[in-house]
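This is what each chain is made of:
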Amino acid sequence: MSGTGTTTRPVLGNPEPKRKPGSAPGARAGYGRYGLELVMIAAAVVFLFPVYALVTLALKDPRQIADAPLALPSPPTVTNFGAAWSSASLGPALLNSTVITAVSLLLLVVLGSTGAYYLARTARGLGYGLYVLFLLGVVLPFQLGMIPLYKLVDSLGWLGTYQGMVLFYTGIQLPFTVFLYTGFIRALPPDYAQAALIDGCDHRQAFTRIVFPLLRPITGTVIILNAVFIWNDFFTPLLYLGGSGRETVPVGVFSFVGQYVSDYGLVFAGLVLAALPVLLVFVLLQRFVIKGFAGGLKG
């Protein structure tokens with residue numbers, strides 16, 4: 001009997017079982033999170049080890065490489081980079097790769113975004129049929145058309161030229177680019193473009209002034225993925241540009257490695273110099289990759 005005149009009654013039913021220490025759901029979730037973090041750390045070590053070996057060997061002289069190839073350089077040397085730059089003729093090769101990659105990316109962004117805008121806003125008829133054809137271009141390997149494409153470029157007289165490589169990369173990567181843009185544009189509400197049309201804009205103005213600025217995340221994704229593919233491609237420049245004096249970086253590095261295969265410091269220094277430009281582009285645009293894929297998956 002309490003002082004307020006109410007009676008406290010015992011609670012009927014089975015009493016709540018006592019939990020053992022460490023058996024709470026929060027503790028189990030904590031263990032799972034720690035396990036996942038350990039797995040991610042191990043995966044990061046596996047992926048970073050080749051980068052560590054590449055940079056470490058590039059900063060060593062032949063004596064250090066012979067004594068302890070994977071130890072930290074003591075002292076580090078940068079003479080390998082200057083020797084690799086001059087011996088491998090990386091300056092002209094970097095210029096060739098930059099021109100081919102930049103022009104190809106420009107055409108892919110312009111053609112891919114405008115074509116995808118039409119396909120994304122057309123659900124039936126010709127637009128759907130063209131979209132299916134672009135999907136086939138994504139699925140089918142481009143190696144199936146290597147011989148016809150080579151004959152086409154040869155008949156145009158574009159072997160050993162920039163325009164031949166730009167034509168090849170634009171045609172090969174356009175289906176993939178359209179696929180990415182189409183998924184992202186479908187996730188955008190059409191109200192923005194419709195409001196611009198009501199205000200007096202035509203379709204070109206509505207796309208360039210309203211829609212295209214909204215495509216920055218997927219455009220960054222398109223630039224990164226296509227730039228990595230074009231920059232690192234080895235077989236196509238070897239086939240189309242071999243002996244023309246306009247070889248790209250992978251072809252130049254391949255010739256350099258074959259010539260200086262016994263001098264690992266020079267070889268790895270050349271590989272580091274070849275990878276730096278595309279790595280810089282990836283670092284600058286990496287925040288757009290996840291946004292672009294997330295928007296595309298929503299579509």
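Residues numbered from 1 in each chain as written. Predicted model: local features only at pLDDT ≥ 70, side-chain atom pairs only at ≥ 80, totals over all residues. Heavy atoms only, no water.

Our next topic: the side chain of Ser113. By the secondary structure assignment, Ser113 is in helix α4 (residues 90–120). Ser113 gets classed as buried once you look at its relative accessible area, which sits at 1%. In terms of polar contacts, Ser113 uses its side chain to reach the backbone carbonyl oxygen of Val110, at 3.2 Å. For Ser113, the residues in contact, after removing those within four places along its chain, are Leu108, Tyr181, Ile185, Phe207, Phe212 and Leu215. (Helix = DSSP H or I, 4+ residues; strand = E, 2+ residues; numbered from the N terminus. Buried < 20%, exposed > 50% of the residue type's maximum accessible area, 1.4 Å probe, protein only. Polar contact = N/O pair within 3.5 Å; in protein donor to acceptor, adjacent residues only side chain to side chain. Contact = heavy atoms within 4.5 Å.)

A few words on the pattern of salt bridges. The final tally for this structure, using the stated rule, is one salt bridge. Arg63 is the partner of Asp67 in a salt bridge, and the nearest nitrogen-oxygen pair spans 3.6 Å. Of the two residues, Asp67 and Arg63 both sit in helix α2 (residues 62–67), four residues apart, roughly one turn of that helix. Accessibility expressed as a relative area gives 58% for Asp67, which makes it exposed. Judged by its relative accessible area of 53%, Arg63 is exposed. (Salt bridge = Lys/Arg side-chain N within 4 Å of Asp/Glu carboxyl O.)

Let us look at the confidence of the model for the protein chain. Residues with a pLDDT of 70 or more make up 84% of the protein chain, whose mean pLDDT is 82. In the model of the protein chain, helix α14 (residues 287–298) stands out as the element of lowest mean pLDDT, 60, in contrast to α4, which has the highest, 92. (pLDDT = per-residue confidence, 0-100.)

With respect to the secondary-structure elements, Leu59 resides in the loop between α1 (25–58) and α2. In this structure, Leu59 is in contact with Pro73, Pro75, Pro76, Thr77, Val78 and Phe81, ignoring residues within four places of it in sequence.

If you look at soluble globular proteins, the nonpolar side chains tend to sit buried side by side. Ranked by internal contacts, the top residues of the largest apolar core, which has 30 residues, are Tyr181, Leu215 and Ile218. Of all the elements in the fold, those that place two or more residues in this core are α4, α6 (146–155), α7 (162–187), α9 (203–211), α10 (216–232) and α11 (235–241). Per element, the largest residue contribution to this core is ten residues, and it comes from α7. Non-local contacts of Leu215, meaning those with residues more than four positions away in its chain, are made with Ser113, Tyr181, Phe184, Ile185, Leu188 and Phe207. Among the nonpolar cores identified, the runner-up in size contains 20 residues, and Ile65, Ala88, Val272 and Val278 belong to it. (Core = buried A, V, L, I, M, F, W, Y, C linked by side-chain atoms within 4.5 Å.)

A word on the packing of helix α5 (residues 126–139) against α7. Direction vectors running N to C along α5 and α7 enclose 125°, while the axes themselves pass 8 Å from each other. Of the possible angle classes, the one that applies to α5 and α7 is oblique. In this structure, α5 meets α7 at a crossing whose hand is left-handed. In this structure, α5 uses Tyr131, Phe134, Leu135, Gly137 and Val138 to contact α7, whose residues at the interface are Leu174, Pro175, Phe176, Val178, Phe179, Thr182 and Arg186. The residue inventory of the contact of α5 with α7, partitioned by class, reads nine nonpolar, two polar and one charged. (Axes fitted to C-alpha atoms, helices over the stretch in contact; angles between N-to-C directions. Parallel < 35°, antiparallel > 145°, perpendicular 65-115°, else oblique. Left-handed = near helix turned anticlockwise from the far one by under 90°. Nonpolar A, V, L, I, M, F, W, Y, C, P; charged D, E, K, R; others polar.)

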